[in-house]
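# Inside the fold
Chain residues, written in single-letter form:
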Amino acid sequence: MRRTVAALLRKELLVELRTLESVPGMSLFAVTTFVVFHFALNRNSVDGDLAAGILWVTLLFAAILGINRLFVADADQGGFDAFLLAPVDRSAMLIAKALTLMAYLLAFEIVAVPAFGLLLLGPSLGAAMPDLLLVLLLGDLGVAVIGTLVAALAVQTRARDLLGPLLALPLLVPIVIGGARASSPLLALGHPTAVPGRWLLTLGLYDLVFGLIAYALFDFLLED
Amino acid sequence: MYGKGLRALSIATVAAFAVAFGLVFFYAPLDAEQGFLQKIFYLHVPLAIIALCGFVIGGLLAIQHLRTRDSRWDMRSYVAIHMSLIFAVATLITGSIWAKGSWGHWWAWDEPTLVSFLIVFLLYATYQPLRFAIEDPERQSRYASVFAITAGAFVPMNFIAVRLSTAYLHPRVLGSTSNLPGSMGLTFVVCLIAMALLYATLYKYELTAKHTRSQVRALRRKLIGETGMAPRPRSAAPTLHPTSTPATSTAAGASR
Amino acid sequence: MFAPVLAELPALPLHEAGKYVAGAYIVLFVLVLIYFAIMAIRLSRIERELGELLELANQEPAEEDVAPREPTLA
């Protein structure tokens, strides 16, 4: 199982490195969105609740771009059939794809979060740092799990680019709630206060529950 | 045979509603804070509870479908979610009317249950478009069941998350059911039962109608033959295979 | 004309709150009525289809000289 996941993961990352389809697009989208927010809100700097909100909404919509593209190559070029023929545990694809999406999210956040700190954030990003990283990690995990499940659902439908976001957004609302509430004290003006532990717990629990559900249901999506 | 208990169920529903409305308007005391406006509570909250239960039941029925691969479970899951969606619309409308009466605006962001409900509604509103976008009937049923289970698990988690997020801001203003005086409590329970009966009746009604339609189509197929039938149009509703005809994918469909 | 009657009824204040409550209950009533209407349309459609099938079943023996497969639908 682990070897299957490793092999699939290696393939995904190799393809991404060679074609550069998702991550650069997501990063660029995030930076552009920050600029749009500057004009839409007519503000030079944001902090606290507003900053947390802008950050998480932008991350969410950029993630949607990644989710849309996650299974497209497999669906269009027969990757599913090839995988189904192999004598391996089918959940390996779920884990590999979720890890791939996680990698994409972390990669584009390396660009997006500093860009946010530079363009829009009032208080210093460095002060928020190690805690913010933890919040982002937990949030990304949830987005990765739900994103993979929704992507697998949507890719076989006719209006896949439309249904993917429609399905994903309500399911991701609790993650936005948890992420934004947890980040908001970190990005507060003045010195950042500690993250309320309950939000980390919420995010962690949500990730766990949906991870298990996705694991249980994914097989049914892959059948022919 | 879906229509069997339908008459008894309908009569029970009407009776329950008669008793419930009688209690609401002639027995339950006026609320100290909100006065007469609070009477909406007896309609709005049972609607919400039944809708949410319906969504979760839809998920449970979907689990059965994935376990047994019997398309009848998928039909039941579909109808359950469909009915719950209608109840959810009614919940949102009555909640909105209540908000307007209480505070003067049509929506209240600081009411966590209403907000959670909106999110759940938006999620389930994608159920039919999802089904409609998948043409192959078997795959449509399978994917819909996966969605129904995921969404069913999402319902409680969503309520917890939203409740947590507003806990510190405002106390719960709209109808906390934990400290209802006895007479209000009784009225509420009766309304809840009436609403549950309404759901069960409409659910059975819908299943019977779909089954009847599929039987008529099966009969038509038998009389006209395969060539005379118009091709089944794309639909979001699952196909029922009536037990008297061999099950094929173009068998009598129950499309709306 | 209704004023004295309405004054007697116990729990029906018809000032501000009354119209909201009425609105909410009417919404539920209307939704159920709409459902009935949809069901009525379906019922008449089924009735029409069954009528056509009955005609078809009665015609067929004459056309094909075969014993009717579906004797009556009554």
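Values in this document were obtained by computation on a predicted structure and should not be read as measured data.

## Some remarks on the overall build of chain B
Across its full length, chain B carries 7 helices and 0 strands. Listing every helix and strand of chain B by position from the N terminus yields α-α-α-α-α-α-α. Of all 256 residues assigned to chain B, the portion counted as buried reaches 47%. When contacts within chain B are restricted to residue pairs at least 6 apart in sequence, those whose partners lie at least 24 apart make up 76%.

## Some thoughts on the overall build of chain A
A tally of regular secondary structure across chain A gives 9 helices and 0 strands. Ordered by position in the sequence, the α and β elements of chain A form the string α-α-α-α-α-α-α-α-α. If you line up chain A on its principal axes, its C-alpha atoms span 60 × 35 × 30 Å.

## Examining the nonpolar core
The tendency in soluble globular proteins is for nonpolar side chains to be buried as a group. Counting 151 residues, the largest nonpolar core has A112, I146, V150, L153 and L172 of chain A together with I40 and F147 of chain B as the members making the most contacts within it. Per element, the largest residue contribution to this core is 17 residues, and it comes from helix α7 (residues 125-155) of chain A. Residue contacts for F147 of chain B: discarding those within four places in its chain leaves L153 of chain A together with Y127 and L130 of chain B.

## Considering the interface of chain B and chain C
Listed as interface residues are 27 residues of chain B and, on the opposing side, 24 residues of chain C. For the side of chain B that touches chain C, the elements supplying multiple residues, two or more each, are α1 (6-27), α2 (41-68), α3 (71-103) and α7 (182-224) of chain B. When residues in the side of chain B that touches chain C are grouped by element, the largest group, 10 residues, is from α7 of chain B. Split by residue class, the side of chain B that touches chain C holds 17 nonpolar, 5 polar and 5 charged.

## Notes on the interface of chain B and chain A
The interface is formed by 24 residues belonging to chain B together with 25 residues belonging to chain A. Only α4 (112-124), α5 (127-132) and α6 (137-166) of chain B provide two or more residues apiece to the side of chain B that touches chain A. At 15 residues, the largest contribution of residues to the side of chain B that touches chain A is made by α6 of chain B. Of the residues in the side of chain B that touches chain A, the class split is 18 nonpolar, 4 polar and 2 charged.

## Section: unusual backbone geometry
Residue and element names in this part refer to chain A. For L20, which is not glycine, the phi dihedral falls at a positive 50 degrees. Take L20: it is sitting in the loop between α1 (2-19) and α2 (23-41). In this structure, N42 is a non-glycine residue whose phi angle is positive, near 55 degrees. With respect to the helices and strands, N42 occurs in the loop between α2 and α3 (48-69). For N42, a count of 7 C-beta atoms within 10 Å gives the class exposed.

## What about helix α9 (residues 197-222) of chain A?
Since the α-helix packs 3.6 residues into each turn, any two residues three or four apart lie on the same face. Residues and elements named next belong to chain A. The first and last C-alpha atoms of α9 sit 38 Å apart over 26 residues, in line with the 38 Å expected at 1.5 Å per residue. The sharpest bend along α9 measures roughly 35 degrees and falls at A216. Listing the buried residues of α9 in full gives W199, T202, L203, Y206, D207, F210, A214, L217, F218 and L221.

## What to know about helix α6 (residues 91-119) of chain A
For α6 of chain A, spanning 29 residues, the distance from its first C-alpha to its last is 41 Å, which sits close to the expected 42 Å at 1.5 Å a residue. Where α6 of chain A bends most, at E109 of chain A, the angle is about 35 degrees.

## Section: the packing of α1 of chain B against α7 of chain B
Residues and elements named next belong to chain B. Direction vectors running N to C along α1 and α7 enclose 155 degrees, while the axes themselves pass 8 Å from each other. Between α1 and α7, the interaxial angle falls into the category roughly antiparallel. For the pair α1 and α7, the sense of crossing is left-handed. Here the residues of the contact of α1 with α7 are counted per class, giving 18 nonpolar, 6 polar and 1 charged.

## Digging into the packing of α3 of chain A against helix α8 (residues 160-183) of chain A
Helix-helix packing is characterised by the crossing angle of the two axes and by the distance between the axes. Residues and elements named next belong to chain A. Two elements in contact, α3 and α8, have axes whose closest approach is 9 Å; the angle formed by their N-to-C orientations is 150 degrees. On the basis of the axis angle, α3 is roughly antiparallel to α8. Note on packing geometry: the crossing formed by α3 with α8 is right-handed. For the pair α3 and α8, the contacting residues are A52, G53, L55, W56, L60, I64, I67 and N68 in the first and D161, G164, P165, A168, L172, V176, G179, A180 and S183 in the second. Classifying every residue of the contact of α3 with α8 gives 11 nonpolar, 5 polar and 1 charged.

## Here's the deal with the environment of L60 of chain A
Residue and element names in this part refer to chain A. Tracing the backbone shows L60 in helix α3. Distance from L60 to V173, taken between C-alpha atoms, is 9.5 Å for residues 113 residues apart in sequence. Apart from residues no more than four positions distant in its own chain, L60 is found in contact with L172 and V176.

## Some words on the confidence of the model for chain B
Residue and element names in this part refer to chain B. The pLDDT averaged across chain B works out to 81; a share of 86% of its residues lies at or above 70. Averaged pLDDT values over the elements of chain B bottom out at 86 in α4 and peak at 92 in α2. Within the model, the stretch residues 244-256 combines pLDDT values under 50 with 33 contacts to residues more than four positions away or in other chains. This prediction of the complex comes with two scores: 0.82 for pTM and 0.83 for ipTM.

## Focus: the environment of S124 of chain A
All names here are of chain A. Here S124 lies in the loop between α6 and α7. Taking the C-beta count within 10 Å as the criterion, S124 has 12 such neighbours and is therefore assigned exposed. The spacing of S124 and P192 is 68 residues in sequence and 9.4 Å in space, taken between C-alpha atoms.

## As for the environment of K210 of chain B
Residues and elements named next belong to chain B. Tracing the sequence through the fold places K210 in helix α7. Look at K210 and you get buried, because 23 C-beta atoms sit within 10 Å. Linking K210 and T239, residues 29 residues apart in sequence, is a C-alpha distance of 9.1 Å.

Cut-offs and rules
Residues numbered from 1 in each chain as written. Chains lettered and ligands numbered in written order. Predicted model: local features only at pLDDT ≥ 70, side-chain atom pairs only at ≥ 80, totals over all residues. Helix = DSSP H or I, 4+ residues; strand = E, 2+ residues; numbered from the N terminus. Buried ≥ 20, exposed ≤ 12 C-beta atoms within 10 Å, placed from the backbone. Contact = placed C-beta atoms within 7 Å. Core = buried A, V, L, I, M, F, W, Y, C linked by C-beta atoms within 7 Å. Nonpolar A, V, L, I, M, F, W, Y, C, P; charged D, E, K, R; others polar. Expected span 1.5 Å × (residues − 1). Bend = angle between axes of the 7 residues up to and from the residue. Axes fitted to C-alpha atoms, helices over the stretch in contact; angles between N-to-C directions. Parallel < 35°, antiparallel > 145°, perpendicular 65-115°, else oblique. Left-handed = near helix turned anticlockwise from the far one by under 90°. pLDDT = per-residue confidence, 0-100.

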